[in-house]
Amino acid sequence: MVFEDIRRADEHPETDFNDEAELMKFVRASRWISVDVGAYRLLRLNWVTTLMASIVLWGFTIAALIEPTDVLTEAKVWQSWVTQNFTWLYIGSQNAWALFLLYLCFSKYGKLKLGRSDEQPEFSDISWFAMLFSCGIGVGIYFWGVSEPMYYYRAGYSNALWKIPMNNDDDRAQQAIFTTLFHWGLHGWVVYIVVAVALSVVCYRWNMPLTMRSAFYPLLGNLIYSPLGDFIDALSIACTTFGVCTSLGFGVSSINNGLHKLNSSIEVTVDNQIIIIWVITIIATVSITMGLKSGIQTLANVTFAIGLFLLFALMFLDNTWYLLNSYVQSTGHYFQWIVQVGFQCDTFQQLQYELQNSKDKNLLWGSSGSKLFDNMKAANALTEHASAGVLTEAALYDSHAAEFMDWWTVFYWGWWISWAPFVGMFIARISRGRTIRQLILGSFVAPTAFSFLWLVVFGSLGIKMQRVAELALGTVADVSWETGYVNCTGLGYTGGQPTSAAAIALADEGYYALACRAHGDRIFDILEPYKEVSTFLTLLVVIGVALYFITSSDSGSYVDDILAAQGLPNPPLLQKIFWAFTEGAVATALLKAGGGNALGALQSVSICAGLPYTLAICFLCTSLWRALKIDQGDDDIMHGGKWATDSLDIFDFFNPGPANEAATPKFAPMGRLVSLAKGTVAPFLQMFEASKAIHGENSIRAKVDLGLGALWFVCWIVFLIVSGTGAGGNWAYIGWSFYMFLVMHMTSIRSEMRARFNIYGNVVEDFFGALVMYPNIASQLEYQAAEQVPEGNDVYKNVSPSKAAAQ
C-alpha cells in the first residue's frame, strides 16, 4: 500500500460518496456500470462483483428448485465434511478473535475515534442498541429461546450431553441454560465486532468507501481494486445472503406456527411458509426504499420495544423470583465455564466417526475409516463376548453424540460468521463518531446482557413447564437425568400431542411436556398457562418475529446493495429491489430443498458459507492490526521497507496500481510468470538466491539452504509419486511431512529476509504464505534478493508528509 494515498479524516474534508465522482476515485472504470434513463438513475454497480455473487446465489436457487432432494443431500454431506475437518478452526478462531478484540479495547488504540476527533455519534445510545440487537440477533432468539435449552435438557431418546460437571437433574437444567448462553454469548458477537472495527477505521478515519474490500486495504493495498477485491465483496454478498436466509427460514417457521396457533385453519406447510416469505420480502423492499433512518431505524425501535414488553410481561405473569434467580445463577455459570467450554472441540466424542462402522458419516481427511473398524471387528470376533459385537463409545464411555458439534456449536459459529459481513457493515454504518472501546464494549455487553435475559427467561419457563408435566404425569422410570431421556408415551403423548386423559387435562390448564412437543409449538406452549392473555401474547410473538424478519431482510438487502455498488450509500431503487428479491428466492430455495427437514437445509448452508469467511476474518484481523499501527504512526511499521513484489499481485496481472490511475509494472509480467514457474518446480533455487543475499555470495549457510531445500522438495514429490504407484497410500503422508519441512525452511529464510531489509511483518504471515502459496513466496524471495539493502532505517520511507512532520 502507499501511505500517501491515505486521506485521514482530520486532515481532509468529509467525503460524500453519494457523489459518484468521489466514489470513482476508488473504483476502476472498467468495472463500473452507470446507466440513466432521462434524469432517473437506473444502475450504479460493479458488474464483476454483482455477476459473481448473482451466479452463486441464483445458481444455488435454481438447482434447489429443480433438484431439491439432491441439493439437500449434497449440502448435508458438505456440512458434515466441514464440521469433521474444521471444528478446530471454528473453535480456535473464535477464541483468538475474542482475545484480539479485548486487547484492542484496553490498549492505546481503544480511545481512537471512528471519525473526526470532534465527531459525535449519529444515533442515540438507545437507537444504536436497538439496531444492534435487531440486526445481530433478531429472529433467532424467538425461534430457539425455548427449544434450544429443551433440546439439551430432555428428549424422547437418549440425549446425553456432558459439557459441564453434573450430579443431578438440577445440574442438567443448568447445563441446558449455560450451553444456550454459550452459543448466543460473547463468542457470537466477536466476528461482528472485528468486521465493524476494521471497516470503521478505514472508512471513517481514512475516508474510504464503506465496502468489505476497503477493510483489507492495510493488508492488500491496491490489490483491493483488482479481481481479488471483487471476489471479497462477492463472497461477502453470498455469505450475507445465505446467513440472512437461514434466519429468515427460522423466522417464517415461527410465524407459520404462530398463525396456526391463532387460527387452526392455517396449516403449517412449506408452501404457506414460502407465501409468508414473499409477503414479508415485499414489505422489506418498501422499508429499504425508505432508507436507514426512516425505515430500518424505526422498525428496529418498534421491534425491540415489542420484545421488551413481551419479556417484562412474562416475568410478571410467572414466578418473577425464580426467573431472576435463574438469570443471576446462569450468568455466574456462564463466566465460570466459558473458557473451558469455549475451547472444547469434542475431541474424543468425534472419534466415534472413525471407531464406528459409519462409512457414510466418516468424512475425516486421512482417516482409516472402515478399515480400522474391520480390524476391530475381526479382533472382537475372537473374544468370548463376540456375539455382542463391537461396543460403541456411548455404551462404554458415556460419550455424547459425535454429531453434537455438527448439529449445534459449529452450526452456530458458521451462522454467526456468515452474518459477519452483513452485521459488521451495519454496525460500522451506525457507529460513526464512537470510539473503538465504545464499539467493542457496547457491542459485547449490551446485546449479550439483554439476549441472556431473554434466553434465561424463556428457557427457564420451558424447563419449569417440562418438570410440571413430568411430576404430574410420569414415574421415576419415565425420566433419566443422566441421559436426558423422557418416555413420552409414559407421559401420555403420541405424535407430539397429549392423548391420555391426564395429559389432556393438564394441557387444558396450559401445561405441556415440551420435550414431547414439536419444535414450532414450544414457544407458544409456554404462553398457555396465562389463560386470558395467552392469545394476546401469541399475537405479540408473531408480530415480533415478523418485524425482526423484516428488519433482518431489509438490513441484509441494504448491505448487499452497498457491496454490489462498491460503497455507494444510496444505490438506485432497481438494485434494492433486485437484492431484496434475491434474498426471497434463496430463502424459498432453502425451504424447498429442505422440505420436511427445512431446518437441516438451513443449518447446512450456514456452516458451509461460514468456512471461507472464517479464513477471510483471520486475514482481516491482520489488516485491522496494520491499520491501527499505521494510523498511530507506530515506528516498526512506519520505518519499514516493502517487498519488491507482492505475493498476491498475480490477481492484478502483476500490476497492482491505484483504482483510477494507469500504473507501470515494476517488473515485466513475463519475467514474473517465469519466476513463478521456477518457484513451482524448483523453489530451492530461489531460496538459495535469497540465502546468498542474506549470508553472502559464497557462504556455507547458503549452500546448506540449497541442499536442504532441494532435499525437502524432491522427497515430497518422490513420495507422492510412490504412493500413486500402488506401494501404499501412507507414503503420501510421508511426502507431505517433507513438504512441511520445506515450508518451515522457507519461513525461516523469509523471516531473515524481512529482518535484512527491515520489512514489517511476522513469522505467522511468513509461515502461512509458504504453506498455501510456496511458488509465490519463492518468487518473492528471488526478486527481493536482487534489491539493494537499505543503508539505514531512520527515514520514514512511506509515511505521509503530515505524519512525518508530526514526528
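The structure we're discussing is the one just above.
This report concerns the structure included in the present document. (Residues numbered from 1 in each chain as written. Predicted model: local features only at pLDDT ≥ 70, side-chain atom pairs only at ≥ 80, totals over all residues. Heavy atoms only, no water.)

**Re the nonpolar core**
Piece 1. Residues Met212 and Phe458 are the most contacted members of the largest nonpolar core, which totals 205 residues.
Piece 2. No other element matches the 17 residues that helix H21 (residues 436-473) contributes to this core.
Piece 3. Discounting chain neighbours no more than four positions away, the residues touching phenylalanine 458 are Gly145, Val146, Leu310, Leu311, Leu314, Ile523 and Ile526.
Piece 4. Among the nonpolar cores identified, the runner-up in size contains 23 residues, and Ala682, Phe684, Met687 and Phe757 belong to it. (Core = buried A, V, L, I, M, F, W, Y, C linked by side-chain atoms within 4.5 Å. Buried < 20%, exposed > 50% of the residue type's maximum accessible area, 1.4 Å probe, protein only. Helix = DSSP H or I, 4+ residues; strand = E, 2+ residues; numbered from the N terminus. Contact = heavy atoms within 4.5 Å.)

**Some words on a nonpolar patch on the surface**
Piece 1. Taken together, Val37, Tyr40, Ile282, Val286, Leu573, Ile577 and Phe581 make up a surface patch of nonpolar side chains, about 590 Å² in accessible area.
Piece 2. Elements that contribute at least two residues to the nonpolar patch include exactly helix H12 (270-289) and helix H25 (573-594).
Piece 3. In terms of residues, the nonpolar patch owes the most to one element, H25, which gives three residues.
Piece 4. In this fold, leucine 573 is placed in helix H25. (Patch = residues over 30% accessible without salt bridge, like charges linked within 9 Å, V, L, I, M, F, W, Y side chains within 5 Å. Areas by Shrake-Rupley, 256 points an atom, 1.4 Å probe, with all protein chains shown as cover. Salt bridge = Lys/Arg side-chain N within 4 Å of Asp/Glu carboxyl O.)

**Some thoughts on the state of the cysteines**
Piece 1. Taken as a whole and judged by the stated rule, the model has one disulfide.
Piece 2. Bridging cysteine 488 to cysteine 516, the disulfide has an S-S length of 2.1 Å. Judged by the sign of its S-S torsion, about -95°, the cystine formed by cysteine 488 and cysteine 516 is left-handed. Of this pair, cysteine 488 sits in the loop between strand E4 (485-486) and strand E5 (493-494) while cysteine 516 sits in the loop between helix H22 (501-508) and helix H23 (519-525); the two residues are 28 residues apart in sequence, bridging distant segments of the chain. Considered together, cysteine 488 and cysteine 516 belong to a single accessibility category, that of buried residues.
Piece 3. Of all cysteine sulfurs, the one in cysteine 621 lies closest to cysteine 203, which takes part in no disulfide; the gap is 16 Å.
Piece 4. Free of any disulfide, cysteine 245 has its nearest cysteine sulfur in cysteine 239, 12 Å distant.
Piece 5. Overall, cysteine 245 belongs to the buried group, its relative accessible area being 0%. (Disulfide = S-S within 2.5 Å.)

**Considering the pairing of strand E2 (residues 40-46)**
Piece 1. Relative to E2, strand E1 (residues 32-37) is paired through six bridges, and the arrangement is antiparallel. Bridge pairing in E2 places serine 34 opposite arginine 44.
Piece 2. Once E1 ends, the chain turns through two residues before running back antiparallel as E2, passing glycine 38 with a positive phi of about 65°. (Pairing = 2+ DSSP bridges.)

**Points about helix H30 (residues 700-723)**
Quick reminder: α-helices carry 3.6 residues per turn. Residues three or four places apart thus point the same way.
Piece 1. Between its first and last C-alpha atoms H30 spans 35 Å; for 24 residues at 1.5 Å apiece the expected length is 34 Å, and the two agree.
Piece 2. Listed as buried for H30 are Ala702, Asp705, Gly709, Trp712, Phe713, Cys715, Trp716, Phe719 and Ser723.
Piece 3. Close packing links the buried residues of H30 with helix H28 (669-681), helix H29 (683-695), helix H31 (730-757) and helix H33 (774-785). (Expected span 1.5 Å × (residues − 1).)

**With respect to unusual backbone geometry**
Piece 1. In this structure, asparagine 207 is a non-glycine residue whose phi angle is positive, near 55°.
Piece 2. Along the chain, asparagine 207 falls in the loop between helix H8 (186-205) and helix H9 (212-215).
Piece 3. Unusually for a residue other than glycine, asparagine 758 sits at a positive phi of about 55°.
Piece 4. Among the structural elements, asparagine 758 can be located in the loop between H31 and helix H32 (763-772).
Piece 5. According to the relative accessible area criterion, asparagine 758 is partly exposed, its value standing at 23%.

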